[in-house]
Amino acid sequence: MEIAVKIINEVKKGLEELYGQQVSDNLVQLQETRPEFEGQLTLVVFPLLKMSHKKPEDTAQDVGQYLVSKVPDVISKFNVIKGFLNLTISSAQWIELLQSIQQDDSFGFIPVTDKSPLVMIEYSSPNTNKPLHLGHVRNNLLGWALANVMQANGNKVVKTNIVNDRGIHICKSMLAWLKYGNGETPESSGKKGDHLIGDYYVAFDKHYREQVKELVAQGMDEDVAKNEAPLMKEAHAMLVKWEQNDPEVRALWHKMNEWVYEGFDETYKALGVSFDKIYYESNTYLEGKEKVEEGLKKGLFYRREDGSVWADLTKEGLDEKLLLRSDGTSVYMTQDIGTAKLRFQDYPIDKMIYVVGNEQNYHFQVLSILLDKLGFKWGKDLVHFSYGMVELPNGKMKSREGTVVDADDLIATMISNARQMSKDKVNKLENITETEAQEIARIVGMGALKYFILKVDARKNMLFNPEESIDFNGNTGPFIQYTYARIRSILRKATESGIIVPEKLPTDTELNDKEIALIQHLQGFAAAVSQAGVDYNPSCIANYCYELVKEYNQFYHDFSVLREEDEKKRFIRLSLSAAVSQVIKNGMGLLGIEVPERM
RNA sequence: GGUUCGGUAGCUCAGUUGGAUUAGAGCAGCAGCCUUCUAAGCUGCGGGUCAAGGGUUCGAGCCCCUUCCGAAUCACCA
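Residues numbered from 1 in each chain as written. Chains lettered and ligands numbered in written order. Predicted model: local features only at pLDDT ≥ 70, side-chain atom pairs only at ≥ 80, totals over all residues. Heavy atoms only, no water.

Attention shifts here to the overall build of chain A. Counting its regular elements, chain A contains 21 helices and 14 strands. Of all intrachain contacts in chain A linking residues separated by at least 6 positions in sequence, the fraction that spans at least 24 positions is 74%. Here chain A displays about 28500 Å² of accessible surface, and carbon together with sulfur accounts for 49% of that area. Taking the average place of the 71 positive charges on the side chains of chain A and the average place of its 86 negative ones, the gap between the two points comes to 1 Å. (Helix = DSSP H or I, 4+ residues; strand = E, 2+ residues; numbered from the N terminus. Contact = heavy atoms within 4.5 Å. Areas by Shrake-Rupley, 256 points an atom, 1.4 Å probe, with all protein chains shown as cover. Lys, Arg positive; Asp, Glu negative; His and termini not counted. Charge placed at Lys NZ, Arg CZ, Asp CG, Glu CD.)

Okay, the pattern of salt bridges next. Applying the stated rule across the entire model yields 33 salt bridges. The residue glutamate 320 makes a salt bridge to arginine 304 at a minimum N-O spacing of 2.7 Å. Of this pair, glutamate 320 sits in strand β10 (residues 320–324) while arginine 304 is found in the loop between β8 (302–303) and β9 (309–312), placing the two residues 16 residues apart along the sequence. Owing to a relative accessible area of 33%, glutamate 320 belongs among the partly exposed residues under this scheme. Looking at arginine 304, the relative accessible area reads 32%, which means it is partly exposed. If you follow the salt bridges from partner to partner, you end up with Glu515, Glu564, Lys569 and Arg573 in one network. (Salt bridge = Lys/Arg side-chain N within 4 Å of Asp/Glu carboxyl O. Buried < 20%, exposed > 50% of the residue type's maximum accessible area, 1.4 Å probe, protein only.)

For helix α6 (residues 168–180), built from 13 residues, the straight-helix expectation of 18 Å at 1.5 Å per residue is met to within 8% by its first-to-last C-alpha distance of 18 Å. Turning to α6, its buried residues are His169, Ile170, Cys171, Lys172, Ser173, Met174, Leu175, Ala176 and Trp177. On its buried side, α6 packs onto α8 (193–217), α10 (230–243) and α11 (247–271). Of the residues one or two after α6, asparagine 182 is the one with positive phi, at around 50°. (Expected span 1.5 Å × (residues − 1).)

Bringing helix α3 (residues 56–70) into the picture now. With 15 residues, α3 extends 21 Å from end C-alpha to end C-alpha; this agrees with the ideal 21 Å at 1.5 Å per step. Buried within α3 we find Pro56, Thr59, Ala60, Asp62, Val63, Gly64, Tyr66 and Leu67. Here the buried face of α3 lies against α1 (3–19), β2 (41–44), α2 (49–52), β3 (75–81) and β4 (84–89).

Okay, the sheet that holds strand β1 (residues 29–32) next. Strand order in the open sheet formed by 4 strands is β1-β2-β4-β3, with antiparallel pairing between adjacent strands. Looking at which strands have only one partner, the edges of the open sheet turn out to be β1 and β3. The average angle at which neighbouring strand axes cross in this sheet is 30°, direction not considered. Note that β2 and β4 share 4 bridges and pair antiparallel. Across the sheet, residue leucine 43 finds its bridge partner in β4, namely leucine 85. The strands that α1 touches are β1, β2, β3 and β4; relative to β2, the one it contacts most, it runs at about 35°. (Pairing = 2+ DSSP bridges. Axes fitted to C-alpha atoms, helices over the stretch in contact; angles between N-to-C directions.)

For the pair α6 and α11, the least separation of the axes is 11 Å and the interaxial angle reads 100°. Judged on the interaxial angle alone, α11 and α6 are roughly perpendicular. Mapping the contact onto sequence places Ile170, Ser173, Met174, Trp177 and Leu178 in α6 and Val249, Leu252, Trp253, Lys255, Met256, Asn257 and Trp259 in α11. In terms of residue class, the contact of α6 with α11 is made up of 9 nonpolar, 2 polar and 1 charged. (Parallel < 35°, antiparallel > 145°, perpendicular 65-115°, else oblique. Nonpolar A, V, L, I, M, F, W, Y, C, P; charged D, E, K, R; others polar.)

Turning next to the domain arrangement of chain A. For chain A, the domain assignment lists domain 1 (3–89) and domain 2 (407–590). For domain 1 and domain 2, the distance between their C-alpha centroids amounts to 35 Å. (Domains from an automatic or database assignment.)

Let us now look at the packing of aromatic side chains. The tally for this structure, following the rule as stated, stands at 21 aromatic pairs. Between phenylalanine 46 and phenylalanine 84, the aromatic rings sit 5.7 Å apart at their centres with planes inclined by 85°, giving edge-to-face as the arrangement. Of the two residues, phenylalanine 46 sits in the loop between β2 and α2 while phenylalanine 84 sits in strand β4, which places them 38 residues apart along the sequence. The exposure class of phenylalanine 46 is partly exposed, given its relative accessible area of 44%. For the ring pair tryptophan 242 and tryptophan 253, a centre distance of 5.2 Å and an interplane angle of 70° mean the geometry is edge-to-face. Here tryptophan 242, found in helix α10, pairs with tryptophan 253, found in helix α11; they are 11 residues apart in sequence, far enough to count as distant. The class of tryptophan 242 is buried, set by a relative accessible area of 1%. (Phe/Tyr/Trp six-rings, centres within 6.5 Å; stacked < 30°, edge-to-face > 60°.)

A few words on the packing of α8 against α11. For the pair α8 and α11, interaxial distance at closest approach is 6 Å and the crossing angle is 125°. It follows that α8 is oblique to α11 by the angle criterion. Contacts between α8 and α11 involve Gly193, Asp194, Leu196 and Ile197 on the former and, on the latter, Met256, Trp259, Val260, Gly263, Phe264 and Thr267. Among the residues making up the contact of α8 with α11, the classes are represented as 6 nonpolar, 3 polar and 1 charged.

Next up on the list: the environment of valine 355. Its location among the elements puts valine 355 in strand β11 (residues 351–357). It is 30 Å that separates the C-alpha atoms of valine 355 and arginine 250, two residues lying 105 residues apart in sequence. Setting aside anything within four residues of it in sequence, one finds valine 355 in contact with Ile121, Glu122, Tyr123, Asn139, Leu142, Gly143, Leu146, Phe385 and Tyr387.

If you want it as structure tokens, here you go:
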């Protein structure tokens, strides 16, 4: 049992005995003691004054004396400062706690059972007309980490992806490929499939602009010209053919989408993310129409004279929202309703989480209301896990201005920079093969990227500075990985020199402040995990790991583990190191960050 | 204009359900520390009106109100 829980129970008993009243949990506030005072845990007595009818100091004195006399093996000392009762926990208690943490591989995780709620998490959601970029990277990393955190909190998790594989955008790429491609394929060009398609999307845009410019030069209004340009007309014609199931268009669409998927798979693999179930918009966009018609019959929506269908959300404080165009085709919202329908058929979903950028906050506000009206039980409290934009030092990331950072380029750069960094450290990585060195570079490079992005509160817009992210000093992934590798090295050396830590640690050893601080901090891992689940913010975990590592580094520089002469002390320090490394591994694992055995 | 979200050190960010005279890290700057279990590290110094004002109470960076600044969104785009 956690020490804090034990103490809270004792305090409650004590209060009852001292003041003759039952106390609710929220009145017993226990927190870590500030470093400048003696003790490790502090009871805040202010909330108890109404019951004791005494001064804060006297109340604290009462409780302190009670604890020391009643449970001397837990609380060895206490002191009172104003309304704060500082408690000193006995070493034996800390050692027992350490032991229990160390023996539990999945410390801090709640096991998933048959009765656990099922949480579906949608993330990634790429378009099939261009490669993934930095914004997608944040999305994927957050989605993956969130899925891990939810699972660690005892939920069944289904990771899902909705691929936006239809629409005018993909027609643009297809058309450009037909016109300017000369039959180019990923094999013939050596390009990754998604990049190849992306290039044709850019080519379309280039030629299209030229056409518009020309038309404007001939005296046409720009807005008219944008619709009248032959390329745009052709693209629209192609979309119509696609919707009519034209075999040729469909065959081309299939072929080109396959190229893109192969490219995406490579990127996903490099990022270390995966999905349990992938939905394609081409399969779901018609489903939504049915639901909308259904809602129309029930009187939830209404039809305008031109035939378009709308939802009136003015009662909910929102606007009216279009659900079907006047020509009967579906819009974005309709598709999301359709996807929801299919998902609900496939899984007994208790909670749905959408990982989507904050530019779509309004969309999800509306979607939640619509799904609720349509009778989806999880619709009302669906979660839009909204994250901020990634900005670059020279301004916003805009694909039009060419300031977009490609995901594959970024990954490659991170890894090669990590490789360069370790090469510069002459004394490191000796006796290591080239493939091992490359693998370490991959782990470290990806760790730097992932940690840099995940440590920031998801809701906030963040600044991605490519140069800074590669700096391995400070609050970075490699700093944490490095500490892990060092601990593993100590443990290896301990085994080599025949030091075997006994099953049961000796509890009659006095601990110093730094050792206690570390054990105390380790205990906080469980809290960080549940906090991350409640807040839906994996950054809690990242910051927890960093704090732990900082604390361990101080410990590391002050004490010698292997050279410690007192055997009992050595066992405890070794055990402590092992526990720290285990928690780091688990914590980083939640973020999708690997930790190397050596680096 | 409506709605939503942000504003903490020169820069990038933490800050758990409100808690302790002195609000924390990292980077950048300065000064120390490698015969040492991996120095990608550790120690110290300087740097702040927590956007501004008011309120709630024993106590506010955190809760409430007002104002200022920034972002997103308010399409028969996705």
